[in-house]
Each structure stands twice: as structure tokens, then as C-alpha cells.
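Take a look at the letters that make up each chain.
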Amino acid sequence: MVGEEDGMKNKVTIGVCVMEKKAFSGPMLQILERLEAFGEFEIVHFGDKVILEEPIQSWPICQCLIAFHSSGYPLERAEAYAALRKPFLVNELGQQRLLHDRRKVYERLEFYGIPVPRYALVNRESPNEELDYFIEEEDFVEVHGNRFWKPFVEKPIDGDDHSIMIYYPSSAGGGMKELFRKIGNRSSEFRPDVRRVRREGSYIYEEFMPTGGTDVKVYTVGPEYAHAEARKSPVVDGVVMRNPDGKEVRYPVLLTPAEKQMAREVFSAFGQAVCGFDLLRCDGRSYVCDVNGWSFVKNSHKYYDDAACVLRKMFLDAKAPHLSSTLPPTLPWKVNEPVQQSEGLTRQGSGIIGTFGQSEELRCVIAITRHGDRTPKQKVKLKVTEEKLLNLMLKYNGGRPRAETKLKSAIQLQDLLDATRILVPRVRPGRESDSEAEDIEHAEKLRQVKAVLEEGGHFSGIYRKVQLKPLKWVKVQKANGEGEEERPTEALMVLKYGGVLTHAGRKQAEELGRYFRNNMYPGEGTGLLRLHSTYRHDLKIYSSDEGRVQLFAYYWQMSAAAFAKGLLDLEGQLTPILVSLVSKDSSMLDGLDNASIEIKEAKARLNEIITSVSKSVHNNSSREKPWMVDGAGLPPNASEVLPKLVKLTKKVTEQVRLLAIDEDEDLAESSSYDVILPYDQAKALGKTHIDVDRIAAGLPCGEGFLLMFARWRKLERDLYNERKERFDITQIPDVYDSCKYDLLHNAHLNLDGLDELFKVAQLLADGVIPNEYGINAKQKLKIGSKIARRLLGKILIDLRNTREEAISVAELKSNQDNNIAVPAAKEETDYHSKAYGKIDGTRRASFTSDMSMDQDEDDDKEPKYRLDPKYANVKTPERHVRTRLYFTSESHIHSLMNVLRYCNLDESLQEEPSLVCDNALDRLYRTKELDYMSYIVFRLFENTEVALEDPKRFRIEMTFSRGADLSPLESNDSEAASLHQEHTLPIMGPERLQDVGSYLTLEMMEKMIRPFAMPAEDFPPPSIPQGFSGYFSKSAAVLERLVNLWPFHKHSSNSNGSSPRKSRGENHKNQAEETSYT
């Protein structure tokens, strides 16, 4: 007994002065038990009764104190105790108050030079106080002149208030997402109808930082230890990802040297040895957005070991420096440590069995995809002279009589609607009116404008935009009588609308995303989700942006968001997914203007072939390669089919006209012009389900009869000019699209002749559409190379960087294997003695793993965001897959395909075979149309059993899909009837572009594509759309580094297959940073 008492006196006492709920939590007990196991410490729990009720003089006396604030904790009593007894404090008490005020947290972080998101403070002394320095508009807030465009984040200044809002731009659908502490499986909710910010308190407004759908939480134990874990961000869909035991799935990740230094600075700034903070990784940089105080990692025995060892040294150094802090050869608790259970998310199997029998690893997936089913894009042009409309133009262009005005915001469009309602006549001048034809047409177009503006019952700012361009002016006397001024007397109004992704388009994109998840990543099963959640999947999604016509870029963006939803098994609305995961790239469509001359020549020749009565164009057709002739795919009797197309178009248009008249008369009788339709977000943004009520009422889907008639009337007029007796063949694809849309979504209207019109239009469109991008193979290659030049350059950079990264990993692994010279048991002993025996001294690397401790210099060269293998319960932590998804236009899909299949026709490559086999060339010739959700996929495989320098180390597999399967529109079986009811079409599966057994090396792919691809040095600096600086910004420095990554302008192709080792070595430092862009 005496010996035991002496032993107790020699032990260092650690007081646990925290609320019992925290003191007896799983992580706390795990660490305290390990500390006790050393035999050097006595743990004393204070308990709630002591902390809350007893005077501090009677509290247990201890040498070291663990004390931190939580709900109901009397921090001032703990401070008084610390002042009285002066124990060693793990976490300073006074500075814990800072953590309850987000303003003070950000001020402190900035004072210590720790990066934080751009932010501004709005301080209110009373709820709803109006502040002269705070301005809110539809798509931004402004604080003291500092403007924050949506998406932006709104945080209460109270650090204990976890109701954080993210507001989305109208161009992405608008709405707000509320983040909150986890409730069941939810961590956020999207509210599409909330668009204005809160005003009942004080808030921080900060720039939204897209992080690829992943958040990082960093846990520090002292200044030299930091453990980081990644989890699915709540900003995406708000569904908490849990393992079979119900715990949130998180995966440890390696910190970069800059992030390790940030962890040290957070410790210094707040004096909290054990704390957690939130890290945002965006565009290759990291930012701290919150500091949480005392935090422990959950469910990581490795972390518990590390934390106990670090705390042991801190306690001994502070209160028993005479004792050695060197760790024993075997940690005392290791003998009885329970085996950590697998989370059921580790990969089963290794690699895939490729076509050639070798073990191959999938390294990269690149997909170029067309958007999903959408409503037709429409445009209305009319000249206006009405004073109300001209005044509206002056109101929004700053009173400049010759300046163009664009109306997109809700306020602007509401003003236009109010004016149009007054100007549109209640009685429709019809068959018995003596009005002039021009006046009737003008009134009809105004009615069309009014109908478009009234759709949905609100203005989303997405699918309609109005331009007013002054045409004529006069000089008038100024109102004050001092001189003259110009006033517009006529303007051109251009209304663009439509292009909304339908419920069918969303379904198609989501299902294709699910297909990719389950089939494009072989050997993984559900492993894509595992790869993604464990930082072994580098995913970037790009959507085209039509630049000047951003209105119609919407269906690309929403297609990309819906695809991501299916790919990553997300839930909820598309707007948060779009903002979090999809980047707009306005340059994706660059190239159309470059090929304008060639396209014009192709269309002229196409018009000549179609309108010619001669059939000789097909007489020289090669039976073996019919795709090589001019006008391949055109029907020989095209000139005879054109009049039938016009006749059937007139027939359908007349039926829709009568339906529009009936609808208009019904509306006039009910005086519904004075009624604003109820708010309907789904209608404005594209429904997620079929509009059963409209179908039951015999109404068209997605538009009223008036707009449906305007659509068909425009097609009828543009297709054939009766006065000039001239066909416009460029309208054939539009007639075909309109037929297809109405057959799918408006079959219930039973329009007579629509089926026949579809067949005739399809026959012509199957020939016209492919030939618009070149009338023969060589012209197709020339046009395709100009349109897809930038896209091809991006694809080659993606593939090349994947190869360099894979080789670097293989070399590193080989070096590690060669350096293993000690038994595994000794390795662990060495690790602990090395990690914890050298903590004293100046700042050095934090040790989340052997590599992060010993190789800071290498980390500085290659700051990659990777899984931490020391802490991860993953069998193959080195596995890494890069995915790049590009959602682009039909023109780019055709152009890219034309380069792939005809690249060998280039003079420099004429001795090489085509990248596409003859069998696939024949199938492409017969395919004709690359419909909605058509795609081209490149997959890069690495054969790990082949030498690094061997060209066969890396193999390319190319596949394509024709997209939507039109067969249900052409048949009447039960399956087709079911799809008709759902108003959707299935997506065709992928088809090979290479013969089975063929082997396309990456080296050969580069050689064949290089002449047509944009080199990195020619990439222009990225543009940042106004209002989306945080959302879409890309560093110009990254593009400069891409120049160095491009091998072809520095090194010629090496025919003997040797690897460009010098180039790879030179660019080892910059390669990882490039991944933030490409």
C-alpha cells in the first residue's frame, strides 16, 4: 500500500474539468485510457456537480488541466481556478471566448496571416435595422462598397449559431441553401423560394468557395501535429454519408506544407493545443473558414495513439521534465488494442483484367457529352415605337438614347411585362379586322412577348432575356428649355427564351451519370464513390457557356449537374450541385467563328446537292467506304422530299393555330390577362416530373398554345420563302427538333400528320446535320479541327498529366520497395520514436505520416490533395483516378468525332491508319445523328507489369454513344407506349471505336491528335464572368504552367517509344498544381 501511495505521489495529475458529456465521450476516454496506460499520470474527473456548484477552492488540485467550453460550461469559474492553482493548461481559457464570435475569429486569423475567404461584416444594433452601407440587389449584396456576387455565404456572427445560408445566382436557378448541425441524415436544406438575405441580426458575408463537394476538417494536438479528414460537403445535397455502423464517413488526407503551417499558426493565434478548424481547398489554395476549439477525431485508433503520445510529452515537459519523454519500444496498450473494423468501403480486388490478359489499372476517364432533352430555343424580333417601351429602354441604359439595353433581372422583366400588358389589345384583330397586316403581326408578337414573360408566374432570370436596340432618333427640346437632346423613336426588341432542360433531360442525365458510376470504372463495383470520398478521385466537371448567348447555356449546366447527381449518388435540387461541382467554361465553344468560312462553303454545297434534281452525286459512291463521298448520307431524292416537308409543316402549323385561337378566346373571356399566375419554380426551371394536370386538360407541355403556334409559324415561314420560291435547308434540323419534341411531350394533342412530318424531317436531317460540318471527309477534318481545337488540347493535357502522375507514383513506390530493409515491427518502433522523440526544437514538419514528416521538401514541390495512407482504412491508398467531364454542344461532338475518324487524312499522317476502325466508321456513317446525351469517352489504362519506358505501359480505349434512342418514337409496342407515358427516351449504350484486340497506345494517340490540338501556350487567359469571381475564377499562373507541361513544342515525338523523362522531371513541381484547372 505504501508503495502504491508513493507511486501515486510521483504521478502527474491531469484534471479533466469539462462537462461530463464531453469527459466521457468515446474519443476522450480512448485518449485518457492510453495516457493512464503509460503509468505516469493520474486522471482526475471533476464532474458536473463540482464544476457547477462547489467553490473553486474545493476543486481537486491538479498539475495539468484539460478545460474547454461547451453548452452550459462556466468558463469564468474555470478561469478563476486556473488563476488560483496555476496548472499547465492544454488549451488557454481566456481565448476560448474569441471562438464564440466569428468576427473576432476572422480578425485573429488575419492578424496571424492565415488565409480566410474574402468577407465583410454587417453589424446591426437592432433587428431589421436599415444600414446605409448595406445594399442588396437580385444577384449581389454590397457592404461598404465591397460587392459579393451570388453565390455567397451568410454567417451569423454568433459562433454558436450554426444556421449558415448560401444564396445562389438567378443564372443558376436562384434560391438558398441552409446549412445546420446534422439532424439524422441531413446537414442542409435547399429552399428555392428564398432569395433575399436575413436582416434580423448581424452577419458575415463571404465569397462562396467551390471545393469540389468536399470539406476538410483539421485536428491539431500541439503545434507540431495535425490530422486532417475529408467528408462530403453539406453544400452539395445535404445528405450525410454514413457507414454500416451509422457513423459519418470521413477519410484522412495529407496536408500540404502550407496547410501544416496554417495549423501551427491556428495554434499560436488561439492558444488551443487541441482544436479543430475547417479548411476550404479552392483553386489550388487553402483557406480557414472556422475554428471550433477542442475537437477530437472519431473512430481512429491510430489518431488516439498519436494524440496520447503528443499529450504525454506536453505534460511531462511542463510538469516532470526530469522524466524521459522517450517512448517505450512497445506502446503499453498495443497488446490489448481491438482490431479496427473495416467500414465496408475498402476496395475488393486489385486492378482489372484487360483485353490482353494483363493486370491493368484505370487511370483516367474523359467524357465529352451533349446536353439532355430541352425545350426548343426561340427568338422573337419586332420593331417598337411605343413610348412606354422606349422610356423603359432609357430607364435601364442610363438615359443614353443610342445605347442598347438588356433586360434580365426580375425587376426589369416585371417592368416590361407591365408595359406589354397595357399595349397588348384585349380583342385580337382577327379574320374580320380591317387592320393592316403589319399591325396584326406587331400585335401578335407583343402578345407572344407577354405570354413568355407571364410563364411560370415569376422571373427566374434563366430562360428569357430581352434586348432593346435603338434604331432611330430625333432631336427634341430639353425639359428645362436649355438646348436640345436626342430621343429614340424606334427600337428593335429581341426576346430570347426556351432552352429549358425538361424532366426527360434531367432523367437522361442522371441515369447516364449512374451508368458511368457503375460501368466506366471496372473492377471497382461501387468503388467510384469510394475513390471519390477518399481523395483518390480527381473529378472536374466543365459546362459550356455560350458567351454572348449565356441564356441558352443553361441546359448544358443543368445537364452537367444532373449527371453529377447520378455519378456521385447525390440527392436534392440541382442548383446547389451546379454551383458546387460544375465550372462554366466560355471558351469551350471557341472555334465556331474560326470555321465560319468553311461551314458557309459546306452549307452552300449542301444546298446545291439537296435542291438539285440530279442524282449523279451518288453515282461515284464507293461501296466499300460510302462515308468518303460528298454529301454522304443524303437521300438521293432530297429535292423531291422538300416540298412534302413544307406541306406537312403547314398542316401541323394550321392545327396549332386553331388551338391557339381557342385558348386566346377562353383567356379573354375569363379576363385572365389581369391575373398573375401562381409562383411555379419547377415550371421555370424545367419540371422534374410530367405535368399530369396540363396533359389531362389537353394543354401542351412546357408552353402555351400561343407560344407553340409561334414556334411552328416561324418554322413554316423560314423553311420556304413563297415569294422567292426558295427553300432554306438550314431550317431542316429545327423542323426535325420541333417534331421530335412534340412527338415526345405533346403526343396527347394528336396532331394529324406529325408522325409523317417527323419521318420526312428525320430523313432529311440525317443527311443535313452531319454534312453541315463538312461535305466530305477532308472538309469535315478541316472544320472539326478548327471548332474542337481547344477541346482537343485539353484532352491531350488531361491524358498527359495522368501519365506523368502515374509514372511518378510508380517510381516512388519502386523506391520505397527497394529501401525496405527492416522488419515491420522495428519499423513501427522507429516511427514512434522518431515522431515523438524529436518534438522539441524549432518548427518542423507535422507528422501525419512518415512521408509528411521526412519529406517536406518534396511536399513543397508537389502539394497534392491525397489520402493519408497511415490513417486510412483502405487497401489500395495509392490508387488514383482522374475524371474530366465536358458538357458541350452538338457542333463540338460532331467536330471531335470527325477529327478522330479522319485525322489520318492529314498530309503528315497519311501513312497511319485511322484511330477509328472501319467497322466503327461504317456504324458512324449509318448513325447519322448524335442526339441528346450522346458522348465520346476516352479511358486511359496503365499496365503495371510493363516497363515505365515501354509505350504499351499506357493504353487508350475510345467509345461513343449515339445518345437518345429514338426507336420508341418509331414503334407502337408496349415498351414504346410506356416510354411515351413517361415522355422520355432511353440512352443508347457505348459502342467501340476500335477493333476488339487492337492496342492504341497513348503515344500513338498523341501523335495522331497533336496536329489539330491547341498547344498550352496558345490557351488565352481565362475570363471571370462578372459576379462569379469566386465561382469560376482560374489562375492565369496555372495556364502559364500548362505551357511547360506541353511536351510537343519542346520535344519531338520519339518513335522508339522512349519516355520524355527530361520533360517530366522538369515539370514535376508544377504538374499537381495544374490539376486545379485541367
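Residues numbered from 1 in each chain as written. Predicted model: local features only at pLDDT ≥ 70, side-chain atom pairs only at ≥ 80, totals over all residues. Heavy atoms only, no water.

K.L.:
Explanation requested: helix α12 (residues 503–519) in the structure shown.
P.N.:
The periodicity of an α-helix, 3.6 residues per turn, causes residues three or four positions apart to be oriented the same way. Taking 1.5 Å of rise per residue, 17 residues should cover 24 Å, and α12 covers 24 Å from first to last C-alpha, within 8% of that figure. Among the residues of α12, those classed as buried are His 503, Ala 504, Gly 505, Arg 506, Gln 508, Ala 509, Glu 510, Leu 512, Gly 513, Phe 516 and Arg 517. (Helix = DSSP H or I, 4+ residues; strand = E, 2+ residues; numbered from the N terminus. Expected span 1.5 Å × (residues − 1). Buried < 20%, exposed > 50% of the residue type's maximum accessible area, 1.4 Å probe, protein only.)

K.L.:
Is there a simple way to explain the environment of Ile 783 in this structure?
P.N.:
Relative to the assigned elements, Ile 783 resides in helix α23 (residues 777–787). For Ile 783, a relative accessible area of 0% translates into the label buried. Taking the C-alpha atoms as reference points, Ile 783 and His 894, separated by 111 residues in sequence, lie 10.0 Å from one another. Once you skip the residues sitting within four places of it in the chain, Ile 783 turns out to touch Ala 595, Glu 598, Ile 599, Ala 602, Tyr 773 and Gly 774. (Contact = heavy atoms within 4.5 Å.)

K.L.:
Would you mind showing me how to read the pairing of strand β17 (residues 274–282) here?
P.N.:
Two faces belong to every sheet, and in a regular strand the side chains alternate between them. For β17, a buried count of 8 out of 9 residues is recorded, marking the element as mostly surrounded by other parts of the structure. As paired strands, strand β14 (residues 214–221) and β17 are joined by 6 bridges and run antiparallel to one another. Each bridged residue has a counterpart across the sheet, and for Val 216 the counterpart in β17 is Leu 279. Across 7 bridges, the pairing between β17 and strand β18 (residues 285–293) is antiparallel. If you follow Leu 280 over to β18, its bridge partner there is Tyr 287. In textbook terms, the turn of a hairpin is the stretch between consecutive antiparallel strands, and for β17 and β18 this stretch comprises 2 residues, one of which, Asp 283, has a positive phi near 50 degrees. (Pairing = 2+ DSSP bridges.)

K.L.:
Where do I start with the environment of Leu 707 in this structure?
P.N.:
On the secondary structure map, Leu 707 appears in helix α20 (residues 705–719). With 47 residues separating them along the chain, Leu 707 and Ala 660 place their C-alpha atoms 8.4 Å apart. Among residues more than four places away in sequence, those in contact with Leu 707 are Gln 448, Ala 451, Val 452, Glu 455 and Tyr 497.

K.L.:
Mind showing me how you'd approach the sheet that holds strand β13 (residues 203–207) here?
P.N.:
Strand pairing in a sheet takes place through backbone hydrogen bonds and is either antiparallel or parallel in direction. The 6 strands lie next to each other as β5-β13-β9-β10-β11-β12, forming an open sheet whose pairing is antiparallel. For this open sheet the edge positions go to β5 (119–122) and β12 (186–191), each flanked by a neighbour on one side alone. Adjacent strand axes in the sheet meet at a mean angle of 20 degrees when their direction is disregarded. Direction of pairing for strand β9 (residues 152–156) relative to strand β10 (residues 164–167): antiparallel, over a ladder of 3 bridges. (Axes fitted to C-alpha atoms, helices over the stretch in contact; angles between N-to-C directions.)

K.L.:
Could you clarify how one ought to interpret empty space enclosed by the protein in this entry?
P.N.:
A water-sized probe, rolled over the atoms, reveals where empty space remains. All chains considered together, the criterion is met by 8 cavities of 30 Å³ or more. Considered as a void within the structure, the second largest cavity measures approximately 180 Å³ in volume. The wall of the second largest cavity is formed by 16 residues, among which Pro 770, Arg 901, Leu 924, Tyr 925 and Lys 928 lie closest to the centre. Those elements that provide at least two residues to the lining of the second largest cavity are α22 (754–771), α28 (890–902) and α29 (918–927). Considering each element in turn, the lining of the second largest cavity owes the most residues, 5 residues, to α28. Residues of the lining of the second largest cavity, tallied by class, amount to 8 nonpolar, 4 polar and 4 charged. (1 Å grid on protein atoms, 1.4 Å probe; cavity = no way out; pocket = protein on both sides within 12 Å on 5 of 7 lines; lining within 4 Å. Points joined across faces, edges and corners; volume = space filled by probe spheres on them. Nonpolar A, V, L, I, M, F, W, Y, C, P; charged D, E, K, R; others polar.)

K.L.:
Looking at this model, I keep getting lost on unusual backbone geometry. Mind explaining?
P.N.:
Peptide bonds are, in most cases, trans, and in most cases residues other than glycine have a negative phi. That bond from Lys 150 to Pro 151 is cis: its omega, 5 degrees, falls within 30 degrees of zero. Mapped onto the elements, Pro 151 comes out in the loop between β8 (146–149) and β9. The phi angle at Asp 569 is positive, at roughly 60 degrees, despite the residue not being glycine. Within the secondary structure layout, Asp 569 lies in the loop between α14 (554–567) and α15 (574–581). Backbone geometry at Asn 750 places phi at a positive 55 degrees, although glycine is not the residue there.

K.L.:
Sorry, what's going on with the packing of aromatic side chains here?
P.N.:
Under the criterion given, the structure shown has 25 aromatic pairs. Summarising the aromatic geometry, the rings of Tyr 225 and Tyr 303 are spaced 6.3 Å apart at their centres and angled 50 degrees between planes, so their arrangement reads as tilted. One end of the pair, Tyr 225, is in the loop between β14 and β15 (226–232); the other, Tyr 303, is in helix α8 (residues 301–319), with 78 residues separating them in the sequence. With relative accessibility at 0%, the residue Tyr 303 sits in the buried group. The interplanar angle of 65 degrees and the centroid separation of 6.3 Å between the aromatic rings of Phe 296 and Tyr 303 together place this pair among those described as edge-to-face. Counting every residue linked through ring pairs, the aromatic cluster contains Phe 68, Tyr 225, Trp 294, Phe 296, Tyr 303 and Tyr 304. A cation over a ring is seen here: Arg 312 above Phe 38, with NZ or CZ 4.8 Å from the ring centre. Geometry around Tyr 932 places Lys 740 over its ring, the cationic atom sitting 5.1 Å from the centre. (Phe/Tyr/Trp six-rings, centres within 6.5 Å; stacked < 30°, edge-to-face > 60°. Lys NZ or Arg CZ within 6 Å of the ring centre and 35° of its normal.)

K.L.:
Would you mind going over α20 with me for this structure?
P.N.:
In this model α20 runs 21 Å from its N-terminal to its C-terminal C-alpha over 15 residues, within 8% of the 21 Å that 1.5 Å per residue would give. Burial analysis of α20 places 11 of its 15 residues in the buried class, the great majority of the element. Inspection of α20 places Phe 705, Leu 706, Leu 707, Met 708, Phe 709, Ala 710, Arg 711, Trp 712, Arg 713, Leu 715 and Leu 719 among the buried residues, and these make up the whole buried set.

K.L.:
How should I be thinking about the confidence of the model for the protein in this particular structure?
P.N.:
A low pLDDT means the predicted coordinates there should not be read in detail. Taken over all residues, the pLDDT of the protein has a mean of 80, while the share at 70 or more is 77%. Ignoring residues within four places in sequence, the model shows residues 1022–1078, a span with pLDDT below 50, making 126 contacts including any to other chains. (pLDDT = per-residue confidence, 0-100.)

K.L.:
What exactly am I supposed to notice about the sheet that holds strand β23 (residues 464–477) here?
P.N.:
Ordered by their spatial adjacency, 4 strands build an open sheet running β21-β24-β23-β22, and the pairing between neighbours is antiparallel. The strands lining the two open edges of the sheet, one partner per strand, are β21 (377–384) and β22 (405–407). Within this sheet the neighbouring strands show an average axis-to-axis angle of 25 degrees, counted without direction. Summarising the sheet, β22 and β23 pair through 3 bridges and their orientation is antiparallel. Paired with Lys 406 across the bridge in β23 is Gln 467. Lying on the sheet, helix α11 (residues 437–454) is in contact with β21, β23 and β24 (484–498); it crosses β21 at an angle near 130 degrees.

K.L.:
What's the story with the nonpolar core in this structure? I'm lost.
P.N.:
Soluble globular proteins tend to pack their nonpolar side chains together in the buried interior. One finds Ile 610, Leu 645, Trp 712, Ile 732, Val 735 and Leu 757 to be the most contacted residues of the largest nonpolar core, which totals 49 residues. Not counting the four nearest positions on each side in its chain, Val 735 is found in contact with Leu 645, Thr 649, Leu 715, Leu 719, Leu 757 and Ala 761. (Core = buried A, V, L, I, M, F, W, Y, C linked by side-chain atoms within 4.5 Å.)

K.L.:
Just checking my understanding: could you explain the side chain of Thr 883 for this structure?
P.N.:
When you line up the elements, Thr 883 lands in strand β29 (residues 881–888). Here the side chain of Thr 883 touches His 537 through a polar contact of 2.6 Å, side chain to side chain. Those residues in contact with Thr 883, other than ones at most four positions away along the chain, are Val 365, Tyr 521, His 537, Asp 538, Leu 539 and Lys 540. (Polar contact = N/O pair within 3.5 Å; in protein donor to acceptor, adjacent residues only side chain to side chain.)

K.L.:
Would you mind going over the packing of helix α6 (residues 102–111) against helix α7 (residues 257–270) with me for this structure?
P.N.:
To describe two helices that pack against each other, one gives the angle between their axes and the distance between the axes. In the contact formed by α6 and α7, the axes pass within 10 Å of each other and the chain directions differ by 120 degrees. The angle between α6 and α7 falls in the class oblique. Judged by the twist between their axes, the crossing of α6 over α7 is right-handed. For the pair α6 and α7, contact is made by Val 105, Arg 108 and Leu 109 and by Val 266, Ala 269 and Phe 270, respectively. (Parallel < 35°, antiparallel > 145°, perpendicular 65-115°, else oblique. Left-handed = near helix turned anticlockwise from the far one by under 90°.)

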